[in-house]
Every structure is written in C-alpha cells, then in structure tokens.
Number of protein chains: 2
Amino acid sequence: MKSDLDALMQDKSLDAILVIGNAEHNPPMYYLTGGGHVSGATLIKKRGEEAVLFHQDMERGEAAKSGLKCISYSTYPYADLLKQAKNDPALAAAIRYQRIFTDMGLKRGRVGLYGFSDVGSALAVIDHIRRLIPDLELVGETRDDSVFMKAMETKDEAEVARVRKMGKVTTQVVGRVAEYLTGREVREDEILLKEDGTPLTIADVKAKINLWLAELGAENPEGTIFAIGRDAGLPHSTGSPEDLLRLGQTIVFDIFPCEAGGGFFYDFTRTWCLGYAAPEAQKLYDEVKAVFDKVMENIELDAPFKNLNRLVCEEFERQGHKSPLNTQAPIEGYVHSLGHGLGLNVHERPWSGLTATDDNILKPGVVVTAEPGLYYPEKGMGVRIEDSVWIRPDGRAEILAEYPYDLVLEMKKWKK
Amino acid sequence: MKSDLDALMQDKSLDAILVIGNAEHNPPMYYLTGGGHVSGATLIKKRGEEAVLFHQDMERGEAAKSGLKCISYSTYPYADLLKQAKNDPALAAAIRYQRIFTDMGLKRGRVGLYGFSDVGSALAVIDHIRRLIPDLELVGETRDDSVFMKAMETKDEAEVARVRKMGKVTTQVVGRVAEYLTGREVREDEILLKEDGTPLTIADVKAKINLWLAELGAENPEGTIFAIGRDAGLPHSTGSPEDLLRLGQTIVFDIFPCEAGGGFFYDFTRTWCLGYAAPEAQKLYDEVKAVFDKVMENIELDAPFKNLNRLVCEEFERQGHKSPLNTQAPIEGYVHSLGHGLGLNVHERPWSGLTATDDNILKPGVVVTAEPGLYYPEKGMGVRIEDSVWIRPDGRAEILAEYPYDLVLEMKKWKK
C-alpha cells in the first residue's frame, strides 16, 4: 500500500524517488498524483517526506488537484537554462534538474528513477545529470520489482472498490456483447449477420465493445482480445478485424479496460462457441474449467503465487497437455503463466511465472487474475477462462465480478 | 518521411537505432511496425538495412502483421538468461540484448535509443549493457529533435489522408456536441438541463464526447479539454467535471483524438458562448479571430514556424495583451506558442516556440496546428481558436477539417 513506500525505499537504500512523465497512463505518477491532465511533470519524494510536484505553468490548475505541494517549472526560466546549456535541450533539462535537486536539498544520495516516458530523452538527460551531480547516484529499478510495484501490490479498500467497479463495467459490456451476438440472424453457411444483412466482423464487434466501454466511463488503452478460430489458439492474438463470426468456433474474449484517464484496470476472459461446440472444443473447455475450479479451491493464503501456477501445470500435464513445467516455451497446450496482479497496471505484482521470486505471495490485499488456458492454433482452437480475485483482509478469495461460465451461447434465431 | 530515416541516422552518426516498448501508443514503434497488440518488443534497424522485430512468442501472430522480419524472444530462453544473470532480471535482459546485438552483427558502433516505456527498467538494463558491451555506444536522443521526430515531421499523402480522416471524425463529434448543447432546456438561472431535468455537467458532456469518439473509431488517450469560465482561462485546464454549463460563459473546447490503437491524431479548438456573449468576451474573441486570420494569411512556405509565432506575439501586444515576446512566462494574455506539428504524436516537430531552432520550418509535407489564444483566468474567461493545417506539396496551406467559427451558439429553446 501507498503507506509502505517509505519502508520500501529504506529497504532499497533510496534517499529519494524521482518520477517523470504525464499523470495519466503512467502508473507511478498516477499513484501519487491521482491522475489529471498534468504532462511532462517531475515528482520528487524524499524518504519520510511528502512528494513535491514540478509542473508546466499552464497546468497549475490541474497540478493543484493532486493535493501535493506544487512548484511551476517557470521558477527555473527555460530561456536562461537553454542559454546556459548553449542551446542543448537535454543539458538545459539536466541543469533544471540540478537546480530542483539543490532546492530539494538533494546534492548527494541515492535516487530511484520511475515513470513511463520517452526513454531516449530520459537517457540523454540522465547522462548529463550524472556528470553535473556526481555525488547523486541516479539508479533505474526494474519495473517489475520496483518500490512502486511493491507498494501497489496490496490495495486498500478504496482501491479495491475502484477495481470492483471496473469489474461491474466489464461484465456489463460482456453481457451486452453476448446479448448482441446471440440475437443475430445466421446465414446458411453459419455466418452471423448484421442488422443490414451483411456478415458481422470482428471489427464490428470491437467497435461495439469500445462504444459500450466509453458509455460506461471506461477505456481500453491496451485494446481487447476478441479472437476466433486459429487466432483463439494464439493467446495474445487480438483477433483479425476482417474475420467473420461463425457458429461452433471457439471465441476467446479477453477484455481489460481501465477507468478513463488511466486509472484502475479489470481483467476478464470468457471463451464462447456460438450455437454449438464441436466435441473436441467442449472437451478442451471442460479441461480448462476443471483446472480453473481447482485453482479457485486451492488459493492458499500467504503462499507463493507460483505454487498455484505449478499446480495448474501439473493438472494440465496430467490431462496430456504440454506446459512450461517440462517444456521450454511451449507453443501448444498451456503456454503462459496462471495470472498476475492487477491494479493501475494491467500486469503487476504478484507474478505467478515459474521463475517468479518467492516473495510474490497471495497475501491479504492483493488482486490477481486466475486465467488458465489451452491453445491449439493448428486445430483452430483455444480456450481461456479468467476472473480477477481479491484476497480479502480476512483471507478469503473473492471474485470481484461474477459472470456465468457457459461455453455454448444459444442463438435465439437459429436451431441446429 | 520514413524514407529519410537512413539519411537522418547518417547525420547523427548512428549505426543503428533501438526502439523498445509496445507497438501501440508508442510513436517510434508504431511508425515502423504499424501498431497492433505487440508488447514489450525490441526493434533494431541498422543504417541502410530493414528493421528486425524481436517479440514475445505469444504475440508472433500480431508481430508478423508488421511485415518486418520477426524473431521470437524464445530464441533466447529466459530461464537460461536468468540463471546466467544470477536471477537479476535487469542483467538477464541486458544479456539478451547482448546476444541480440551479436546476432545482428552489432558488437560496436553508435546506437540511438527510442520508445515510450518504463524509464527505470530501461536505465537499469542500459547500465548493464554499457558494462557488457563497452564498444557499443548507446545514446539517448532528445525526443523533440530525434531522428524519428525529424522523419515524422513531413508526411506522405497516405499519412495525411489518415490525419484528414481523424479531422472529419473530430469535427463530426464537435458538431454533435454543439447540436446537443443548443437543444437543452435552460433553467431560470441560465443553467443548462439534461433530459431528466437535472443540471448538465462538464462530466456529462465529456462522457458524450468519449462515446461519440468511440462510435467513430477514435480514442482520446490524452483526454479532452472542455473548460468553462475561469478554467477556460487556464489553457491546459481540462475542465472541472462537476462544473455546470451556464449561458454566456466562454467555453474552450480543445479536442485531440487519435485513431484507435494509438495512430494519427487530429487537434482542434473552438471557443463557444451559449446563448449570448458578454461584450468583453466578444471583444476577446474578435481579437483572437483577427490574429487567427492573420496567421492563415501569413503562412510562408519554407519559413521558420517561429516567425509566425513572433507575428502573433506582436499582434497580440499591439492589441494590449502580454506575450512571451516581452514577458517571461506570462500567466495572462497570450501565454503559449502558436502551434506544433501533428501526427503520431499530438505534439511533434516542427515547433513554433520563440526558442525553437531555425530548422523548424513550414516545408511541404508538414501538418501543424495554428492555435492563437488569450487567457484571463481572473476575469473568468479564455479564448482559443485552432485548426490543423497541411502544407501541401504545391506549397498551399490547407485546413484539413473545416468547421464554422461562431462564438455564440444560439439556444433553440431559450430567448434572451
């Protein structure tokens, strides 16, 4: 939780943290500012002290909404900086950092760097800062294990409430998609038709998804997976826009929207067959569902998340599928890990991969996805089932948005 | 244009470029891959050679759509890398880069770094790469002057067609907003009402904007400015969600959506007063419109963009307003620069600020915004007018999406 930041900084011997970039779609900056239209900002937090936000003068109104102490960049007039830097903008930016650090009393010490921003600009400026302030050790932390990821790993109830609300939005949209698809007319060759009698495409379905998400105050900055047939067998294929919707084929629908402005995410997957399922697809689905249920029954409080992933590997291998447990980077069978933490990042700690460190544990306050799946692209099919789960303070695991698990969606205007 | 990349690399003595991050919402990666759900990828282009895309194995289908030579990260098994790196993920990533560079024949030389990604992770990995491959000089280029920004600065006709299409989407949405607002009932205290009789808020209007953008295949990753009254006087205030819509106040509506998935942007602003305008607001508007018209008449082919900005400063000062020409960081009057290039970045070269370098010129193929404005937050008003303009191959300046310039929008159900 946010209140853990100082202790985490202490653990990593950081005297201060430096966050750069916009407030939106930039989780560390959003975490400390609450978002808003603040662009190209600089946030500095010394250990044990409140954060200070440096911002463009034009955005002082938006910056003030953060509730942080705000200082305008105009305190360090750019024309002067540029002159001193002989018109080198990277050096000018570095000199501004030097003055900011001086004003913050940071002439030496260890400072961690964070934020989603332009890496080329950042490197150019950092190389200058290192020359200008040799006693300041500016270090990059690997994102997946950074103090931010560790603080964000556990959520307070207000944060979980926001994830839950996105879960409601997500399942509402999924319900509307199911309602829309099952209401379509079906051509003789089992292709779904739009209201105007032309074939329905993946692109059409995605346009509806985007519309309904926007209507409910969400956005999907990382897209939506709606993949049919062979594409469903490729776990991160988002689906081919021109593909038609056909009865009987597996559709993997993985939707991971966030609050508008880059806030909290939800993550959810169902696999559907419209009208009917081939016996082979039904069998694959039943195997995944059995493993999914096993996962839900075996969530063990304070155990490493990867233990659960290992259990999934073993179960799938027992069913006769390949998994990362005994096959290096399999491309058929169970080809990914069980899940991941979920919050301001669609993927965050705790991690469940077999190589994850032991401190990725299912402790109270984490929100994780459980998303076992089986993929056979050459057979033109794939199945994944995913819910997002909160480990409650009382230790119970709670699915944050309930939704039915049917594989086959009955078509209202079609009979086999 | 993209075909200029090799020559630009030569100018900057770059033997190769290294682009990291996702394909979406990451302009340099999008520019060379065409977007798609490719995450955490690495693109390397040696000067004079085609780019090669390294990607997660699960995303091989999406990666292939780029048309580039694609190599899966599974070529460099992660478990082995992690073992060699003694479980340090940043070092493991650096070792993978070392192998990739070796396979690309890049054991020495000068390599520029690009992409929108996590700066902390990037720095941690770069510090390791620099130790592992001392003969490889890995440099950050300031984004605003990078080879990418210089290549992207001029657009081919296919790229302009995409900006123009976003312009049509933008003006269509603006038209719907105007239609919606002017059709509202008005309370006695001049507050606009929703269909259900409760007051209309900025948040309601923004929800409609998001909905209509999604419906037309666009997204607004950087938000929308819809600011009324005092907020309109703060150029980058996005508007307070709870603010009510009131007759007679200046509303600055600045909308800058992009193609879904992080493609080409459009950028557009109108200032409206609903029902009527106070004489002071009308005067402010007329002053901005006069300067806007002057800008349109004075676009000089192959001249530095900042010359036009200087003209704007002079015109506004002649009208009695402050400008950056003679006031350092003014907070009233004309407080920003005239405009900026527009493409895969909402802000890109050429730049128009008074400190911009002389090579930011209005040459054929650039698409720039022209957005003069005047701001008086203490008087509760602000005005900005903005169109996006293409400098055509024949040298003519063309507004890419026409829309009327009325300040006062007549309310259909209200008379003064």
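Everything numeric here is computed off the predicted structure, so don't read it as measured data. All chains use their own residue numbering, which begins from 1 and follows the written sequence. Chains carry letters from A onward and ligands carry numbers from 1 onward, assigned in written order. Confidence filtering applies because this is a predicted model: local features only for residues at pLDDT of at least 70, side-chain atom pairs given and counted only at 80 or more, and all residues used for totals across whole chains, interfaces and linings. Excluded from the side-chain calculations are hydrogens and water; all other atoms, namely the structure's heavy atoms, are used.

## Quick notes on the overall build of chain A
Across its full length, chain A holds 11 helices and 22 strands. Over its C-alpha atoms chain A spans a radius of gyration of 24 Å, differing by no more than 12% from the 22 Å that the globule rule assigns to 416 residues. Overall size of chain A, expressed as C-alpha extent along the three principal axes, is 75 × 50 × 35 Å. Here, two residues are considered to be in contact whenever any of their heavy atoms come within 4.5 Å of each other. Taking as baseline every contact in chain A between residues at least 6 positions apart, the subset at least 24 positions apart corresponds to 68%. We treat Lys and Arg as the positive residues and Asp and Glu as the negative residues; His and chain ends play no part in the count. Charge placement uses NZ in Lys and CZ in Arg. For Asp and Glu, CG and CD serve respectively. Of the charged side chains in chain A, 50 are positive and 64 negative, and the gap between their average positions amounts to 3 Å. By the criteria applied, helices consist of DSSP H or I runs no shorter than four residues and strands consist of E runs no shorter than two, each listed in order from the N terminus. Radius of gyration: C-alpha atoms only; globule rule: 2.2 Å multiplied by the number of residues to the exponent 0.38.

## Focus: helix H11 (residues 305-318) of chain A
An α-helix turns once every 3.6 residues. As a result, residues three or four positions apart point the same way. Residue and element names in this part refer to chain A. Over its 14 residues, H11 runs 20 Å from end to end, which matches the ideal 20 Å to within 8%, given 1.5 Å per residue. Those residues of H11 that are buried lie in contact with helix H10 (279-297), strand S15 (340-341), strand S16 (348-351), strand S17 (367-370) and strand S18 (373-376). Where H11 ends, the next residue or the one after it, Gly320, has phi of about 105 degrees, a positive value. Residue count minus one, scaled by 1.5 Å, sets the expected span of a helix.

## Regarding the domain arrangement of chain A
One widely used convention gives an interface's size as the accessible area the parts lose upon coming together. Residue and element names in this part refer to chain A. Each assigned domain of chain A is listed here: domain 1 (2-150) and domain 2 (155-409). For domain 1 versus domain 2, the separation of C-alpha centres amounts to 36 Å. On the side of domain 2, 15 residues touch domain 1, which itself brings 10 residues to the contact. Buried area: the accessible area, evaluated with a 1.4 Å probe, that two parts lose upon being put together, summed over both parts. Between domain 1 and domain 2, a total of about 1100 Å² is buried, with carbon and sulfur atoms accounting for 52% of that surface. The largest share of the area that domain 1 buries against domain 2 comes from His25, Tyr30 and Met149, three residues that together contribute 47% of it. Any carboxyl oxygen of Asp or Glu that lies within 4 Å of a side-chain nitrogen of Lys or Arg is treated as forming a salt bridge with it. Counting every contact that joins domain 1 to domain 2 gives two salt bridges. With its nearest N and O atoms 2.8 Å apart, the salt bridge here joins Arg349 to Asp145. Any pair of nitrogen or oxygen atoms within 3.5 Å is treated as a polar contact; in protein, a donor-acceptor pairing is required on top of that, and neighbouring residues in sequence qualify only through side-chain atoms on both sides. On inspection of domain 1 and its partner domain 2, the count reaches five residue pairs in polar contact (both at pLDDT 80 or more). Of all the secondary-structure elements, those providing two or more residues to the side of domain 1 that touches domain 2 are helix H2 (27-33) and helix H7 (147-152). Boundary definitions for the domains trace back to an automatic or database domain assignment.

## A short note on the pattern of salt bridges
All names here are of chain A. Enumeration according to the criterion identifies 68 salt bridges over all chains in this entry. A salt bridge links Lys412 to Glu179, with the shortest nitrogen-to-oxygen separation between them at 2.9 Å. Taken together, the residues span a long stretch of sequence, with Lys412 in the segment after strand S22 (408-409) and Glu179 in helix H8 (residues 157-182) at a distance of 233 residues. A salt bridge links Asp293 to Lys289, with the shortest nitrogen-to-oxygen separation between them at 2.8 Å. You can see Asp293 and its partner Lys289 sitting in helix H10, four residues apart, about one turn around the helix. The rule is simple: take the accessible area with a 1.4 Å probe, protein chains only, and divide by the maximum for that residue type; under 20% is buried, over 50% is exposed, in between is partly exposed. The buried category is assigned to Lys289, whose relative accessible area is 18%. Overlapping salt bridges, with partners in common, bring together Asp145, Lys150, Glu153, Arg349 and Asp359 in one network.

## Quick word on the sheet that holds strand S7 (residues 136-140) of chain B
Strand order across the open sheet formed by six strands is S4-S3-S2-S1-S5-S7 (chain B), with mixed pairing between neighbours. Two strands in the sheet have a free side with no partner beyond their single neighbour: strand S4 (69-72) and S7 of chain B. Neighbour to neighbour, the strand axes of the sheet diverge by 25 degrees on average, direction disregarded. Helix axes are fitted only over the stretch in contact, all axes being lines through C-alpha atoms; the angle between N-to-C directions runs from 0 to 180 degrees. Its contacts with the sheet put helix H6 (residues 119-132) of chain A on strand S1 (16-21), strand S5 (109-114) and S7 of chain B, and the angle it makes with S7 of chain B is roughly 105 degrees. Here, strands pair whenever DSSP counts at least two bridges between them.

## Brief notes about the environment of Ile202 of chain B
Residue and element names in this part refer to chain B. Structurally, Ile202 is set in helix H9 (residues 202-215). In this structure Ile202 comes out as buried when scored by relative accessible area, which is 0%. Separated by 182 residues in sequence, Ile202 and Ile20 place their C-alpha atoms 37 Å apart.

## A closer look at the pairing of strand S12 (residues 250-255) of chain B
Residue and element names in this part refer to chain B. Counting buried positions along S12 yields six of six residues, so the element is predominantly enclosed. Every second residue of S12 is oriented toward a common face, with Thr250, Val252 and Asp254 on one face and Ile251, Phe253 and Ile255 on the other, all of them buried. Where strand S11 (residues 224-228) lies against S12, five bridges are found, and the strand directions are antiparallel. By the bridge assignment for S12, Ile225 is matched with Asp254. Pairing of S12 with strand S14 (residues 268-274) involves six bridges; the strand directions are antiparallel. Along S14, the bridge assignment pairs Phe253 with Arg270.

## Points about the confidence of the model for chain A
A score between 0 and 100, pLDDT records how confident the predictor is in each residue. Of the residues in chain A, 100% have a pLDDT of 70 or more, and the chain-wide mean is 95. Across the interfaces of the predicted complex, the ipTM metric reaches 0.87, alongside a pTM of 0.88.

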